[in-house]
Amino acid sequence: MLVTLTHVLAKADRGRYAVGAFNVNNLETLQAIMDASESERAPVIVQTSEGAIEYAGMEELAALAHIAAKKTKRPVVFHLDHGKNFDLVMEAIQNGWYTSVMFDGSSLPFKENVRQTKKIVAVAHKRRISVEAELGAIAGIEDFVSVEERDAQLTDPKQAAQFVRQTHCDALAVAVGTKHGAYKFKGESRLDFGRLKEIAERVSVPLVLHGASGVPANIKKICTKYGCEISSAKGVSDSAVRKAVMLGVRKVNVDTDLRLAFDAGIRKFLKERPEVIDPREILKPAKELMMKVVRQKIKMLGCVGKA
Ligand code: G3H
Ligand code: 13P
Ligand code: ZN
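Every chain is numbered on its own, with residues counted from 1 as its sequence reads. Chain letters start at A and ligand numbers start at 1, both assigned in the order the entries are written. The predicted nature of this model means local features are confined to residues of pLDDT at least 70 and side-chain atom pairs, given and counted, to a pLDDT of 80 or more, with totals for whole chains, interfaces and linings taken over all residues. Side-chain metrics in this entry use all non-hydrogen atoms of the structure; hydrogen atoms and water are not considered.

Details of the overall build of the chain
So, point 1. Every helix listed is a DSSP run of H or I at least four residues long, and every strand listed is a run of E at least two residues long, numbered separately from the N terminus. Across its full length, the chain carries 13 helices and 9 strands.
So, point 2. Taken over C-alpha atoms, the radius of gyration is set against a globule rule of 2.2 Å times the number of residues to the power 0.38. For 307 residues, the compact-globule formula gives about 19 Å, and the C-alpha radius of gyration of the chain, at 19 Å, lands near that figure.
So, point 3. For the C-alpha atoms alone, the extent of the chain along its principal axes is close to 60 × 45 × 35 Å.
So, point 4. Residue burial in the chain is summarised as follows: out of 307 residues, 55% are buried.
So, point 5. Within the chain, contacts between residues separated by at least 24 positions form 76% of all contacts whose residues are at least 6 apart in sequence. Each residue is assigned to one of three classes by its accessible area relative to the maximum for its type, calculated with a 1.4 Å probe on protein chains only: buried under 20%, partly exposed between the two thresholds, exposed over 50%. Should any heavy atoms of two residues lie within 4.5 Å, those residues are considered in contact.

Shown next, in the form of structure tokens:
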């Protein structure tokens, strides 16, 4: 069943858990997410980035997601991830395929981010589509050269409250030290929980944690064993994500961990079964590993049985 982001996040807020948002670029990843949602009786957010749209097509991805959502009783949000291109976000709203969009104006000056987000919200809300917005630069804490730079880049709690009041967005992506991709930290995962707590206290809408992949040790081990060079990859620990959820994060974005699982599954299979050329056989273990990752995330987020 297709639902809006507001619908699943309002329920998550009441239950104090978070819903996983997983990036899809192809059929197998979508199947893995849907199978995990079914096994864990959990709502899921299926999201497509601009890159995914470039790769597979908006209409094609929407068709896959809509059919999958139609076939399940579990709530499924079909969400546009990191819409930086204003016109593309408008297109996603106007063609009616998405039940939720993210407008990512985080690289714009504050006033311009407010102005453009407000416009998107006005059009989206007329069509009952939710809007996630972003304030602050989602970059790892170690990427900042000084405390001053860090404070200037991470989400400012007072500004976040003002941003939400002015834009009427339905969810806010915050920058508290996570970063996209497989290389988030040099040492232990370090997030600015004090900042997150203050944002949660001041902001009335559910918060979103981007760059939340954990680079699971078991998956990394398979990847590495079968030739993938990712020895210094490091993600956000499960305990850090759980703490963020305790503090008010209600949507947790995961892409990298699915990429790693896909990669691990394919590398292992091709090495062990060099005689196989059927893509359906080759992709099967990759799909199963992705499903395991999604199930683990659903458990970690406290989302089991919430649908
Ligand atoms: O936030 C970024 C997601 O991991 C999507 O990545 O733009 O390469 O599809 P992508
Ligand atoms: P990861 O790279 O940590 O999976 O983050 C994904 C994300 O934030 C998508 O918007
Ligand atoms: Zn992101």
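Remarks on the site of ligand 1
So, point 1. When we say a residue is near a molecule or strand, we mean one of its heavy atoms is within 4 Å of it. Inspection of the region around ligand 1 gives Asn 23, Ser 49, Asp 81, His 82, His 180, Asp 255 and Arg 259 as its neighbouring residues.
So, point 2. Here a polar contact is recorded for every N or O atom pair within 3.5 Å, except that within protein the pair must consist of a potential hydrogen donor and a potential acceptor, and residues adjacent in sequence are included only if both atoms are side-chain atoms. For ligand 1, an oxygen atom lies 3.4 Å from a polar atom in the side chain of His 82.
So, point 3. The contact in question runs from an oxygen atom of ligand 1 to an N or O atom on the side chain of His 180, over 3.2 Å.
So, point 4. Considered on its own, ligand 1 offers 310 Å² of accessible surface; in the complex 66% of this is hidden by protein.
So, point 5. With respect to the detected pockets, ligand 1 is housed in the largest pocket.
So, point 6. Each residue gets one label: Ala, Val, Leu, Ile, Met, Phe, Trp, Tyr, Cys and Pro are nonpolar, Asp, Glu, Lys and Arg are charged, and the others, such as Gly, are polar. Taken together, the residues that form the shell around ligand 1 break down as no nonpolar, 4 polar and 3 charged. Exposure was quantified through the Shrake-Rupley algorithm and a 1.4 Å probe, taking into account, for residues, occlusion by the shown protein chains and nothing else. A cavity here means a set of points on a 1 Å grid, drawn over the protein atoms and nothing else, where a 1.4 Å probe fits but cannot get out; a pocket is an open set with protein on both sides within 12 Å along at least five of seven lines, and a residue lines either one if it has an atom within 4 Å of a point. Cavity and pocket membership follows a simple rule, namely that a molecule belongs there if more than half of its atoms are within 2 Å of the grid points.

Side note on the layout of surface pockets
Gaps left between atoms are located by rolling a probe of water-molecule size over the structure's atoms.
So, point 1. Considered as a void within the structure, the largest pocket measures approximately 240 Å³ in volume.
So, point 2. Lining the largest pocket are 17 residues; nearest its centre among them are Asn 23, Asp 81, His 180, Asp 255 and Arg 259.
So, point 3. By residue class, the composition of the lining of the largest pocket is 2 nonpolar, 11 polar and 4 charged.
So, point 4. Taken as a whole, the second largest pocket holds about 200 Å³ of empty space.
So, point 5. Lining of the second largest pocket is provided by 15 residues; of these, Ser 106, Leu 135, Gly 136, Ala 152 and Gln 153 occupy positions nearest its centre.
So, point 6. Those elements giving two or more residues to the lining of the second largest pocket turn out to be α6 (110-126) and α7 (147-153).
So, point 7. Within the lining of the second largest pocket, the residues separate by chemical class into 7 nonpolar, 6 polar and 2 charged. Grid points are joined across faces, edges and corners, and a volume is the space filled by probe spheres set on the points.

Points about the site of ligand 2
So, point 1. Taken together, 15 residues surround ligand 2, and among them Asp 81, Lys 184, Ser 213, Asp 255 and Thr 256 come closest.
So, point 2. At 2.9 Å from an oxygen atom of ligand 2 is found a main-chain nitrogen or oxygen belonging to Gly 211.
So, point 3. The backbone of Asp 255 places a nitrogen or oxygen atom 2.7 Å from an oxygen atom of ligand 2.
So, point 4. Summarising the interface, the protein chains cover 96% of the accessible area of ligand 2, which totals 310 Å² for the free molecule.
So, point 5. Mapping ligand 2 onto the cavity grids shows that it belongs to the largest pocket.
So, point 6. Looking at the shell around ligand 2, the elements with two or more residues in it are β4 (76-83) and β9 (249-254).
So, point 7. Residue composition of the shell around ligand 2, grouped by class: 2 nonpolar, 10 polar and 3 charged.

Details of the confidence of the model for the chain
So, point 1. The predicted model of the chain averages 97 in pLDDT, with 100% of residues at 70 or higher.
So, point 2. Of all secondary-structure elements in the chain, the lowest mean pLDDT belongs to α7, at 88, while strand β2 (residues 19-23) reaches the highest, 99. A residue's pLDDT is simply how confident the predictor is in it, with values from 0 to 100.

So, the coordination of the zinc ion (ligand 3)
So, point 1. Every protein donor of the zinc ion (ligand 3) is accounted for by His 82 (NE2), His 180 (NE2) and His 210 (ND1), and the metal-donor separations fall at 2.0 to 2.1 Å.
So, point 2. Sequence positions of the residues that donate to the zinc ion (ligand 3) give the spacing H-x97-H-x29-H. Within this pair, whereas His 180 is found in the loop between β7 (171-174) and α9 (193-202), its partner His 210 is found in the loop between β8 (207-209) and α10 (217-225), the two being separated by 30 residues in sequence.
So, point 3. Residue classification places His 210 among the buried residues on the basis of a relative accessible area of 0%. Here the term donor refers to an N, O or S atom within 2.8 Å of the metal (or 3.2 Å for Na, K and Ca), and because water is left out of the atoms, sites may appear incomplete.

Some words on the pattern of salt bridges
So, point 1. The rule for a salt bridge is simple: a side-chain nitrogen of Lys or Arg has to be within 4 Å of a carboxyl oxygen of Asp or Glu. Inspection of the entire model under this criterion finds 19 salt bridges.
So, point 2. In this structure, Arg 74 and Glu 38 form a salt bridge, with 3.1 Å as the shortest nitrogen-oxygen distance. Of this pair, Arg 74 sits in the loop between α4 (58-70) and β4 while Glu 38 is found in helix α2 (residues 27-40), placing the two residues 36 residues apart along the sequence.
So, point 3. Overall, the relative accessible area of 37% leaves Glu 38 in the partly exposed class.
So, point 4. The residue Lys 251 makes a salt bridge to Glu 132 at a minimum N-O spacing of 2.7 Å. Separated by 119 residues along the polypeptide, Lys 251 in strand β9 and Glu 132 in strand β6 (residues 130-135) bring together distant segments of the chain. Taken as a pair, Lys 251 and Glu 132 share a single burial class, namely buried.
So, point 5. Via salt bridges that share partners, Arg 150, Asp 151, Asp 192 and Arg 195 belong to a single interconnected network.

Brief notes about the packing of aromatic side chains
So, point 1. Here is the rule: rings of Phe, Tyr and Trp (six-membered ring for Trp) pair when centre to centre is within 6.5 Å. Planes less than 30 degrees apart are stacked, more than 60 are edge-to-face, and the remainder are tilted. In this structure the tally under the stated criterion is 3 aromatic pairs.
So, point 2. With centroids separated by 4.3 Å and ring planes inclined at 10°, the aromatic side chains of Phe 78 and Tyr 98 adopt a geometry described as stacked. With a gap of 20 residues between them, Phe 78 in strand β4 and Tyr 98 in the loop between α5 (86-94) and β5 (100-103) connect regions that are remote in the sequence.
So, point 3. Residue classification places Phe 78 among the buried positions, given a relative accessible area of 0%.

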